Amino acid sequence: VEYSLTFTCDSEIAVSAQILDLGDVKFGCEAFLNGTSLGKKIWCPYKFYLNGKLKAGENQLTVTVANTMANQYVHTNVFDNWTDAMKGPYHDKARSFEEDTSAGGLYGPVKLL
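Residues numbered from 1 in each chain as written. Predicted model: local features only at pLDDT ≥ 70, side-chain atom pairs only at ≥ 80, totals over all residues. Heavy atoms only, no water.

Draft legend 1. Broad picture of the sheet that holds strand β2 (residues 19–21). Pairing within the open sheet is antiparallel, and its three strands lie in the order β6-β2-β9. Each end of this open sheet is capped by a strand with a single partner; those strands are β6 (47–49) and β9 (111–112). Pairing of β2 with β9, which is carried by two bridges, proceeds in the antiparallel orientation. Across the sheet, residue L20 finds its bridge partner in β9, namely L112. (Pairing = 2+ DSSP bridges. Helix = DSSP H or I, 4+ residues; strand = E, 2+ residues; numbered from the N terminus.)

Structure, rendered in C-alpha cells:
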C-alpha cells in the first residue's frame, strides 16, 4: 500500500528536523521525501535521516508499505495435505507468526524529530 501526504513546513522546522520517525509499521517500507528515497526498513525502528531533504514550504511524503508472505500462507489450504514430517517441528510456530503478521500498514504516529 502507498501512503502520500503533502504538508507545509516552516523554515525553523525545515532546518532543525533531522529524522523522520514513522512509528509503527507492518512490515517492510520505503520512505520518499520530495521524490527522493530516504531508504528502506524491514524492522523497527522505522526512522530515516532527512539529510537536508526537508524544505521550507510544501513537501511531499510518500511511504510504501509491504507485508510479509504471511497472507499467502494463512489464507490458503496448501498445508492441508502435508504430513507432519513435511511440515517439520516449527510449522505450528510459523503459522502462529504468520497469523500475527497478516495485518499490514502504516500505524504511526509519524513525526519529524
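After that view of the structure, there is still more to cover.
Draft legend 2. Molecular detail of the layout of surface pockets. As a volume, the largest pocket reaches approximately 170 Å³. Around the largest pocket, the lining is made up of 14 residues, and of these L5, F7, L20, L61 and V110 lie nearest the centre. Among the elements of the structure, β1 (2–9), β7 (57–66) and β9 are those that each provide at least two residues to the lining of the largest pocket. With four residues, β1 is the largest single contributor of residues to the lining of the largest pocket. Across the lining of the largest pocket, the residue classes tally to twelve nonpolar, one polar and one charged. (1 Å grid on protein atoms, 1.4 Å probe; cavity = no way out; pocket = protein on both sides within 12 Å on 5 of 7 lines; lining within 4 Å. Points joined across faces, edges and corners; volume = space filled by probe spheres on them. Nonpolar A, V, L, I, M, F, W, Y, C, P; charged D, E, K, R; others polar.)

Draft legend 3. Structural detail: the sheet that holds strand β4 (residues 28–33). Read from one edge to the other, the open sheet built from four strands follows the order β1-β7-β4-β5, with strand pairing classed as antiparallel. With partners counted over all chains shown, the strands left at the sheet margins are β1 and β5 (36–41), one partner each. Each strand of the sheet is rotated relative to its neighbour by a mean of 15°, with strand direction disregarded. Here β4 runs beside β5; their pairing, made up of five bridges, is antiparallel. Its bridge partner being in β5, L33 is matched across the sheet by T36. (Axes fitted to C-alpha atoms, helices over the stretch in contact; angles between N-to-C directions.)

Draft legend 4. Broad picture of unusual backbone geometry. Here C44 and P45 are connected by a cis peptide whose omega angle stands at 5°. Backbone torsion omega between G108 and P109 reads 0°, so that peptide bond is classified as cis. A positive phi angle is found at N34, which is not glycine, with a value near 55°. Along the chain, the position of N34 falls in the loop between β4 and β5. N34 gets classed as partly exposed once you look at its relative accessible area, which sits at 27%. (Buried < 20%, exposed > 50% of the residue type's maximum accessible area, 1.4 Å probe, protein only.)

Draft legend 5. The packing of aromatic side chains, seen in detail. Under the definition given, this model contains zero aromatic pairs. In this arrangement the basic side chain of K41 is found over the ring face of F48, its NZ or CZ atom lying 5.5 Å from the centre. (Phe/Tyr/Trp six-rings, centres within 6.5 Å; stacked < 30°, edge-to-face > 60°. Lys NZ or Arg CZ within 6 Å of the ring centre and 35° of its normal.)

Draft legend 6. Representation of the pattern of salt bridges in the model. Evaluation of the coordinates by the stated rule reveals one salt bridge. With its nearest N and O atoms 3.1 Å apart, the salt bridge here joins D24 to K26. K26 sits in the partly exposed class, given a relative accessible area of 26%. (Salt bridge = Lys/Arg side-chain N within 4 Å of Asp/Glu carboxyl O.)

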